[in-house]
Amino acid sequence: MNQLWYEPILASILANLGQSPPYLAAFDSASAMLRGTAAYLRGEDLPGLGIASPAIEPLLGLVNILPRPLQEFIYSTGSANEGIPVEYLKDVRSEVVSQWVVNEYPQRDYPAVAIGSSCGALVHLYAALGIPWLPQTYLVPVKHPGFDPNDIQPFLEWGIKQAPKFLEANPDLQLHHMHDPNQDRLTSKGMAYFRVKRLRLGIAYERFLENCLPLGGTIFLVECNKTWPTTQIDERHFFQMGAVGGLSPDEYLHGSDRVTEFLKRYNDPRTKWDAPAPNGESPESEWGFEAALRDDVERFALKRGYKVRRIVYDEPADPSPFVAELYRDWYRQRQINANRLLVESFALHEPYWTMRTGSVPFWMTFNVQPDLEELQQYLDHTDPYNEIYMMLFSHGTDSAGLASIEQWRSVLQRAKQRGEFVGVDEKAYPRDFASMMRYYTDLKEKISDRYSLPSSLTLEQLDRFIEEKGDRFPLQWLDCNLS
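Presented here is a report on the structure given in the accompanying data block. (Residues numbered from 1 in each chain as written. Predicted model: local features only at pLDDT ≥ 70, side-chain atom pairs only at ≥ 80, totals over all residues. Heavy atoms only, no water.)

### A word on the overall build of the protein chain
Stated formally: Each helix is a run of H or I in the DSSP string that is no shorter than four residues. Each strand is a run of E no shorter than two, and both are numbered from the N terminus. It is over C-alpha atoms that the radius of gyration is taken, and the globule rule equals 2.2 Å times the number of residues to the power 0.38. Three labels apply to residues, based on accessible area from a 1.4 Å probe with only protein chains included: buried if under 20% of the type maximum, exposed if over 50%, partly exposed otherwise in between. Contact criterion: two residues are considered in contact whenever any of their non-hydrogen atoms come within 4.5 Å of each other. Only the protein chains shown count as cover for residues, with accessible areas throughout obtained via the Shrake-Rupley method and a probe of 1.4 Å.
Secondary structure assignment for the protein chain yields 17 helices and 15 strands. Compactness check: the protein chain gives a C-alpha radius of gyration of 21 Å against a globular reference of 23 Å for 483 residues, within 12% of the reference. Across its three principal directions, the C-alpha atoms of the protein chain cover 60 × 55 × 40 Å. By the burial criterion, 63% of the 483 residues in the protein chain qualify as buried. Looking at the protein chain alone, contacts between residues at least 24 apart form 79% of all its contacts between residues at least 6 apart. For the protein chain, the computed accessible surface area is about 18300 Å², with 49% contributed by carbon and sulfur atoms.

Right, dumping it as structure tokens:
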């Protein structure tokens, strides 16, 4: 398993200090969703996404009023500071990360454990069921020499040079070097995105399952089928141009009017990006599931007497309508008014206060046109909500495919009584950096209703809902035959 003797000790020390391993991105979908799930299971909320104190909110508010060039400089510099020096890549250890993950959770018996793809909607399912989630994918941000985000070839060549030392040290990981010059224009100025996927459970995950999942318990395999055209460099190394958001894979690879307009907006003479030719399709770097892990989970489950159920879907936000309607049904059973919708965005989520305020959660991958359409489609096919509240993640750039603040405001107008943004400075969006802290305080101030945390939803209750209404949603629930 390539585990060194000091790895679990180091991870335990970091966990007791409330810190993740120094080479793991703190502000990332997987890290944020892990912290949110774990915080809820500890009976805690998630101020500042679990990584920063709300006390810095006024400071971020000052950033909002700075001139745009200075805003972008601060955003880029702050992101670059999260990247590790490239010479530290050889010191990254997958088992240290996994040990930190499991240390985030209360060490007790659970009826089930979820493993696999990141999904903000499913965080609320885990909270309802009272179960932990162990991510397959996480982000290692790496400093680079300062390449132009629109100049793709230097990123590719640099990644080819740096990856072997990382892969040699971690034979149980698959590396997806993702580069998105559209949505990550600012962050990519100082760091590269090395997203990695576990191919095997590993020692820490196995021990957690043995200690916390009783005989006959269920392992949920969370499998997002999202793929992306990639350039395979080596057996476990892929380069991905672009990412899930406002542009299609074809636009990243071959250009479009929207790409040309985006480049012109940022004074770049190019009309499209010079992307490397893909030679295959791979699991999407951030959201897609690598099936090699399924084989190892099934092997382990058969050996230990566990059940395995697969939650399979195609797009990262496909579970959102299912979870929203599950919560609505559950609230009604508990005689709670199920007419308040809370729309979450990317890493901005709050499972604890969603439950405490009796809100129905609906998670969006980002703030782009496809997310807007999916939210509108959901509202078209459900009973109207009296109240709609909405968080919006600001990534600091006018990316191609971004939905405007006016479009989001029109969604809020669909509420029968009250529709409001949560933590959003409408004038600053999408450079509303304070929203990363303000979502938390604003949510508690705007929704005054309070409910006690409920007893967990049982697996039997979940199965009844799936049997009654599951065919309305783009999710598959598949039982694995482990004979």
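More follows now that the structure is in view.
### Thoughts on the packing of helix α6 (residues 120-129) against helix α12 (residues 319-333)
The condition is simple: Axes here mean lines fitted to C-alpha atoms, for a helix over just the part in contact, with angles spanning 0 to 180 degrees between N-to-C directions. Helix crossings get a hand from a simple test, with the near helix turned counterclockwise from the far one by less than a right angle marking a left-handed crossing and a clockwise turn marking a right-handed one. The residue classification treats Ala, Val, Leu, Ile, Met, Phe, Trp, Tyr, Cys and Pro as nonpolar and Asp, Glu, Lys and Arg as charged. All others, Gly included, are polar.
Two elements in contact, α6 and α12, have axes whose closest approach is 8 Å; the angle formed by their N-to-C orientations is 35°. Crossing geometry of α6 relative to α12 is assigned as left-handed. Contacts from A121, L122, H124, L125, A127 and A128 of α6 reach α12 at P319, S320, V323, L326, Y327 and W330. For the contact of α6 with α12, the residue count by class is ten nonpolar, two polar and no charged.

### Digging into the sheet that holds strand β6 (residues 218-224)
Here is the rule we go by: For two strands to pair, DSSP has to find at least two bridges joining them.
Ordered in space as β2-β1-β6-β10-β15, the five strands form an open sheet in which the pairing is mixed. Looking at which strands have only one partner, the edges of the open sheet turn out to be β2 (133-135) and β15 (476-479). The mean inter-strand angle of the sheet, taken between neighbouring strand axes irrespective of direction, is 20°. Relative to β2, strand β1 (residues 112-116) runs parallel, the two sharing three bridges. When the sheet's bridge partners are listed, I115 is paired in β2 with L134.

### What about the nonpolar core?
The condition is simple: We define a nonpolar core as any set of buried Ala, Val, Leu, Ile, Met, Phe, Trp, Tyr and Cys residues linked to one another through side-chain atoms lying within 4.5 Å.
Core analysis: the largest hydrophobic core is formed by 153 residues, its most contacted members being Y105, F220, F322, L341, L375 and W408. The contacts of F220, once residues within four sequence positions are left out, are A112, V113, A114, I115, L129, I131, R309, I311, L459, L462 and W477. Among the nonpolar cores identified, the runner-up in size contains six residues, and A25, M191, Y193 and A243 belong to it.

### A word on the sheet that holds strand β5 (residues 191-198)
A sheet is described by the order of its strands in space; here six strands give the open sequence β3-β5-β4-β8-β7-β9, paired in mixed fashion. Where the open sheet ends on each side, the last strands, each with one partner, are β3 (137-143) and β9 (280-283). With direction set aside, neighbouring strand axes in the sheet form an average angle of 40°. Bridge analysis of β3 against β5 gives seven bridges, and the strand direction is antiparallel. What sits directly across from L139, in β5, is R195.

### Topic: the pattern of salt bridges
When charged atoms on two side chains of opposite charge get close, those side chains can pair. Heads up, the rule is: The working definition used for a salt bridge is a side-chain nitrogen of Lys or Arg within 4 Å of a carboxyl oxygen of Asp or Glu.
Considering all chains together, one arrives at 28 salt bridges under this definition. The closest approach of N and O atoms between D268 and R270, which form a salt bridge, is 2.6 Å. You can call D268 buried: its relative accessible area is 12%. Looking at R270, the relative accessible area reads 27%, which means it is partly exposed. Beyond isolated ion pairs, a larger network of salt bridges with shared partners links R418, E420, D442 and K446.

### What to know about the packing of aromatic side chains
Here is the rule we go by: When two rings of Phe, Tyr or Trp (its six-membered ring) have centres within 6.5 Å they constitute a pair, described as stacked for plane angles under 30 degrees, edge-to-face for angles over 60, and tilted for the intermediate range.
One pass over the structure, following the stated rule, counts 27 aromatic pairs. A centroid spacing of 5.9 Å and a plane angle of 55° characterise the contact between W158 and F194, whose relative ring orientation is tilted. Note that W158 is positioned in helix α7 (residues 152-169) and F194 in strand β5, a separation of 36 residues in sequence. In this structure F194 comes out as buried when scored by relative accessible area, which is 0%. Seen in terms of ring centroids, W287 and F366 are 6.4 Å apart; in terms of plane orientation they differ by 70°. Their pairing is edge-to-face. Here W287, found in the loop between β9 and α11 (292-304), pairs with F366, found in the loop between β12 (360-364) and α14 (369-380); they are 79 residues apart in sequence, far enough to count as distant. On the basis of relative accessibility, which here comes to 0%, the residue W287 falls in the buried class. Cluster of aromatic residues (ring-pair linked, three or more members): F27, W287, F346, W363, F366 and F393.

### Digging into α12
Residue pairs three or four apart in sequence face the same way in an α-helix, which turns once every 3.6 residues. Put simply, the rule is: By this rule the span expected of a helix is its residue count minus one, scaled by 1.5 Å.
The end-to-end C-alpha distance of α12 is 21 Å, a good match for the 21 Å that 15 residues give at a rise of 1.5 Å each. In terms of burial, α12 is a largely internal element, 13 of the 15 residues being buried. Note on α12: the residue one or two positions beyond its end, Q335, has a positive phi of about 60°.

### So, the side chain of D442
Here is the rule: Any N or O atom pair separated by 3.5 Å or less is treated as a polar contact, with the protein-specific requirement of one donor-capable and one acceptor-capable atom, and with residues adjacent in sequence counted only for side-chain atom pairs.
The topology assignment puts D442 in helix α16 (residues 435-446). Within polar-contact distance, the side chain of D442 engages the backbone nitrogen of G423 at 2.6 Å. Beyond its immediate stretch of four places on either side in the chain, D442 contacts F421, V422 and G423.

### Some details on the environment of P85
With respect to the helices, strands and loops of the structure, P85 is situated in the loop between α4 (68-82) and α5 (94-103). Residue P85 is classed as partly exposed on the basis of its relative accessible area, which comes to 25%. The spatial distance from the C-alpha of P85 to the C-alpha of P171 is 21 Å, given a sequence separation of 86 residues.

### A word on the environment of Y205
Note on placement: Y205 falls in helix α8 (residues 202-212). Y205 gets classed as buried once you look at its relative accessible area, which sits at 3%. In this view, Y205 contacts S98, V101, V102, L134, P135 and R198; residues no more than four positions away in its chain are not counted.

Bear in mind that shape data such as this cannot, by itself, settle questions of function.
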